Amino acid sequence: MKSTQSLLLYLFFSLFFLMSFQGWAGFDLGTPVPINVTCNGSNNGSIKLIISSITSESSLTYTWYKDGSPYTVPPGNNSVTFDTSGSGDYQTTINGLGPGTYYAKITGSSGASQFSPYQYIIEPSPLTLILNSSDTYNPACSGVSSTHYGPTNATKGQISVSASGGSGTYQYSFSRTTNSHTYGTATTDTRKDNRPAGISTTTGTPFFMSVRDGNGCVSSELDDVTLKAPAALTLNVPDVLEG
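Residues numbered from 1 in each chain as written. Predicted model: local features only at pLDDT ≥ 70, side-chain atom pairs only at ≥ 80, totals over all residues. Heavy atoms only, no water.

Description of unusual backbone geometry
Phi at D67 takes a positive value of approximately 50 degrees, unusual for a residue other than glycine. In the Ramachandran plot, N179 falls in the positive-phi region, its phi being about 55 degrees despite a non-glycine side chain. Following the sequence through the fold, N179 ends up in the loop between β13 (171–175) and β14 (184–185). (Helix = DSSP H or I, 4+ residues; strand = E, 2+ residues; numbered from the N terminus.)

Structure, rendered in structure tokens:
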């Protein structure tokens, strides 16, 4: 019996303490909402804190921490909104975040504080594009194009690239002009592109490749590929003398 009474008393005082602390702090802290960085090396992550049971958000002060050290939110990267639907919640959001581990200490007007749970802002791995040298080759014939019936795809010049990193579906661009890209949808991370006629038979024709991921991040341009067509095949017909 004594053990049961002791347990009940422990639970009662624990609940009383928690309720008193919440009233003393003067606010409730909801579950934070993090948004990760979209591109490697960018600083566009954010964390939203939801505060309720207060009459004015201005009664709160925030101290942010990143990777265990105090973090100063840059000017203009903090916003506060009030839910006008009737919940009475305030939402404070910090923007412009790079990858790292963040949390906040929120202090109410009573001087009591709460710490938000750790929030992990991550970034995707670097978006890179490489040339598949073994699957890239010059055209076998001069002036080959898709409108010719004779040559097969194997006789056309081909560039093969592979992308890695980033996030989502890749879109590739094969251009003959540097820094001028139109991205087309691809279903795999390798794109083989048969090039049409117009490839130079003397100096060769350079090509510039790039890839864009599902977040709109763009890789560095791959610009070390030049395809060269063989000289045109000619047929010399000797004059026929009439006798």
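A short note on the packing of aromatic side chains
Each pair of aromatic rings is reported with the distance of its centres and the angle of its planes. Under the counting rule described, the total for this entry stands at six aromatic pairs. Seen from their ring centres, Y71 and Y102 are 5.6 Å apart, and the 85 degrees between their planes marks the pair as edge-to-face. Within this pair, whereas Y71 is found in strand β5 (residues 69–71), its partner Y102 is found in strand β8 (residues 100–107), the two being separated by 31 residues in sequence. Classification of Y102 by relative accessible area gives buried; the value is 0%. Here the aromatic cluster, defined as three or more aromatic residues joined through ring pairs, consists of Y65, Y103, F115, Y118 and Y120. (Phe/Tyr/Trp six-rings, centres within 6.5 Å; stacked < 30°, edge-to-face > 60°. Buried < 20%, exposed > 50% of the residue type's maximum accessible area, 1.4 Å probe, protein only.)

A few points about the state of the cysteines
What the rule picks out here adds up to one disulfide. Covalently, C39 is tied to C217 through a disulfide, its sulfur atoms 1.9 Å apart. Residues C39 and C217 are joined through a disulfide that is left-handed, its torsion about the S-S bond being -90 degrees. Residue C39 is found in the loop between β2 (33–35) and β3 (45–52), and its partner C217 is found in the loop between β16 (205–212) and β17 (222–227); the two are separated by 178 residues along the sequence. Grouping residues by exposure puts C39 and C217 together as buried. (Disulfide = S-S within 2.5 Å.)

A word on a nonpolar patch on the surface
Side chains of Y118, Y120 and I122 sit close together on the surface and give an oily, nonpolar patch of about 370 Å² of accessible area. For Y118, the location among the structural elements is in the loop between β9 (113–115) and β10 (119–121). (Patch = residues over 30% accessible without salt bridge, like charges linked within 9 Å, V, L, I, M, F, W, Y side chains within 5 Å. Areas by Shrake-Rupley, 256 points an atom, 1.4 Å probe, with all protein chains shown as cover. Salt bridge = Lys/Arg side-chain N within 4 Å of Asp/Glu carboxyl O.)

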